[in-house]
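What follows is each chain in one-letter form.
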Amino acid sequence: MSAELTPLDGTAALVTGGTSGIGAAIARALLRAGTPVAITGRDGDRASGAAQALQEETGTECAGFALDVTDDGSCADFVRALEGFRPIEWLVNNAGVAETMASASPGNLDLARRLMEVNFFGPMRLFAALGPGMLERGGGRVVQVASSASLQGYPYVSSYVASKHALMGWTRSAALECAPKGVGVSALCPHYVDTPMTDRSIETMREKTGRSEEDLRAFLAAQNPGGALVTVREVADAAMELLRSDRSGAVYELIGGSTAVIEEGVLIGAR
Ligand SMILES: NC(=O)c1ccc[n+]([C@@H]2O[C@H](COP(=O)([O-])OP(=O)(O)OC[C@H]3O[C@@H](n4cnc5c(N)ncnc54)[C@H](OP(=O)(O)O)[C@@H]3O)[C@@H](O)[C@H]2O)c1
């Protein structure tokens, strides 16, 4: 795999949900490598503030935009706002949400619809908006921040698991379709990562079980095959490798302490 590939001159990377956790870490890694980045969040002021802080920290251009990935109108506004920035060559579909609910609960149907909107239709909307430009230029990379929940089931999160499985199915097909046209589409599948999302899961478990935060954090770390929570740095390093890769349809599993290539994908056609 190439370690040197960068986006075309004049283009930029986009990280959805770059205001927090994994997205902020991937944006930081891109900026440190000298790639201009657009980050998004639902609150435009929060996204601009986070972008300004990242730009000051790294010295590379970073712009923040409002985007709710569940909303067609918000997506259209965002694409218009991007016209004053740069074309997007690298897209990291990271924005996502997780919620627990028993599979048989009547509310699980509504929850599944909400989670599908963010975790599955969100990445599809972004690709529908930005993919045609990449295919026309004959170059581009898409990295989906999927999950170990794209590869296996977990109790009480059937809607989340379903949304992340759907994302993987879409990714595997799009990867094969886009590779001959110069565009790579690949996926990261981290087990539990040390982020605000995991902090919220721990808080919910603490309320339900009365167990201490420390105990629950150790419990989740022990669930990871590597025995430790995945760090956002590990996810960012893996994302950079996929963005720079000459393969489409690669799937990386992050288990806590190490990363495995579980699907190698196919070679991307020449630009
Ligand atoms: N944490 C884990 O253990 C873990 C493991 C595997 C995979 N993942 C995946 O990694 C991704 C990032 O998770 P994280 O742990 O970093 O969570 P996080 O800290 O909660 O960050 C989630 C990000 O998604 C954005 N977001 C949420 N809903 C959105 C919407 N409707 N439209 C646009 N942006 C939205 C949030 O931005 P605003 O709040 O500013 O809108 C935030 O920046 C998710 O796709 C998650 O499923 C996480």
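Residues numbered from 1 in each chain as written. Predicted model: local features only at pLDDT ≥ 70, side-chain atom pairs only at ≥ 80, totals over all residues. Heavy atoms only, no water.

### Thoughts on the site of the ligand
Surveying the vicinity of the ligand reveals 30 residues, the closest of which are Thr19, Ser20, Tyr160, Thr195 and Arg200. Take Gly17: an N or O atom from its main chain is 3.0 Å from an oxygen atom of the ligand. Asn94 is positioned with one of its backbone polar atoms (N or O) 2.8 Å from an oxygen atom of the ligand. At the level of elements, α1 (21–32), α5 (158–178) and α6 (196–209) are the ones that each hand at least two residues to the shell around the ligand. Looking at which element gives the most residues to the shell around the ligand, the answer is α6, with four residues. Here the residues of the shell around the ligand sort into 13 nonpolar, 12 polar and five charged. (Near = heavy atom within 4 Å. Polar contact = N/O pair within 3.5 Å; in protein donor to acceptor, adjacent residues only side chain to side chain. Helix = DSSP H or I, 4+ residues; strand = E, 2+ residues; numbered from the N terminus. Nonpolar A, V, L, I, M, F, W, Y, C, P; charged D, E, K, R; others polar.)

### Examining the side chain of Asn224
One can find Asn224 in the loop between α7 (213–223) and α8 (232–243). Once residues lying within four places of it in the same chain are set aside, the contact partners of Asn224 are His191, Tyr192, Leu229, Val230 and Ile255. (Contact = heavy atoms within 4.5 Å.)

### Here we look at unusual backbone geometry
Even without glycine at this site, Tyr156 takes up a positive phi of about 70°. Position of Tyr156 among the secondary structure elements: in the loop between β5 (140–145) and α5. Its relative accessible area of 55% is what places Tyr156 among the exposed residues. (Buried < 20%, exposed > 50% of the residue type's maximum accessible area, 1.4 Å probe, protein only.)

### Let's talk about the packing of helix α4 (residues 108–137) against α5
Put simply, α4 and α5 touch, their axes get as near as 8 Å, and they point 20° apart. By the angle between their directions, the pair α4 and α5 is classed as roughly parallel. Crossing hand, α4 versus α5: right-handed. Two secondary-structure elements touch here, α4 through Asn108, Leu111, Ala112, Leu115, Met116, Asn119, Phe120, Pro123, Met124, Phe127 and Leu135 and α5 through Ser158, Ser159, Tyr160, Ala162, Ser163, Lys164, Ala166, Leu167, Trp170 and Cys178. (Axes fitted to C-alpha atoms, helices over the stretch in contact; angles between N-to-C directions. Parallel < 35°, antiparallel > 145°, perpendicular 65-115°, else oblique. Left-handed = near helix turned anticlockwise from the far one by under 90°.)

### Quick look at the sheet that holds strand β9 (residues 259–263)
Pairing within the open sheet is mixed, and its eight strands lie in the order β3-β2-β1-β4-β5-β6-β8-β9. In this open sheet, the two strands that pair with only one neighbour each are β3 (62–66) and β9. Within the sheet, the average angular offset between the axes of one strand and its neighbour, ignoring direction, is 20°. The pairing of strand β4 (residues 88–93) with β5 spans four bridges and is classified as parallel. Each bridged residue has a counterpart across the sheet, and for Trp90 the counterpart in β5 is Arg141. Against the sheet, α8 engages β4, β5, β6 (183–190), β8 (251–254) and β9, with an angle of about 160° to β6. (Pairing = 2+ DSSP bridges.)

### Remarks on α4
The first and last C-alpha atoms of α4 sit 42 Å apart over 30 residues, in line with the 44 Å expected at 1.5 Å per residue. The largest bend in α4 is about 45°, located at Phe121, with the proline Pro123 one to four residues further on. Where α4 ends, the next residue or the one after it, Gly138, has phi of about 70°, a positive value. (Expected span 1.5 Å × (residues − 1). Bend = angle between axes of the 7 residues up to and from the residue.)

### A closer look at the environment of Lys164
In this structure, Lys164 sits in helix α5. It is 9.6 Å that separates the C-alpha atoms of Lys164 and Gly96, two residues lying 68 residues apart in sequence. Leaving out residues up to four positions away in the same chain, Lys164 has contacts with Asn119, Val145, Ala146, Ser147, Ala149 and Ser150.

### Description of the nonpolar core
Core analysis: the biggest nonpolar cluster contains 31 residues, and Val15, Ile26, Leu30, Val37, Ile39 and Leu188 have the highest contact counts within it. Filtering out sequence-adjacent residues up to four positions away, Ile39 remains in contact with Val15, Gly18, Ala27, Ala47, Ala50, Ala51, Leu54, Cys62, Ala63, Gly64 and Phe65. Residues Leu82, Leu91, Ala95 and Met134 belong to the second largest nonpolar core, which totals 27 residues. (Core = buried A, V, L, I, M, F, W, Y, C linked by side-chain atoms within 4.5 Å.)

### Describing the environment of Pro36
As for its placement among the helices and strands, Pro36 is situated in the loop between α1 and β2 (37–41). Remark: the alpha-carbon pair of Pro36 and Cys62, spanning 26 residues in sequence, is separated by 5.8 Å. If we skip the residues at most four places from it in the chain, Pro36 touches Thr11, Ala12, Ala13, Thr60, Glu61 and Arg86.

### Concerning the pattern of salt bridges
Applying the stated criterion across every chain yields a total of 16 salt bridges. Ionic pairing is found between Arg86 and Glu61, a salt bridge with its closest N-O pair at 2.8 Å. Here Arg86 is found in the loop between α3 (72–82) and β4, whereas its partner Glu61 is found in the loop between α2 (44–58) and β3, with 25 residues between them in sequence. With a relative accessible area of 35%, Glu61 lands in the partly exposed category. Connected via shared salt-bridge partners are Asp194, Asp199, Glu213 and Arg217. (Salt bridge = Lys/Arg side-chain N within 4 Å of Asp/Glu carboxyl O.)

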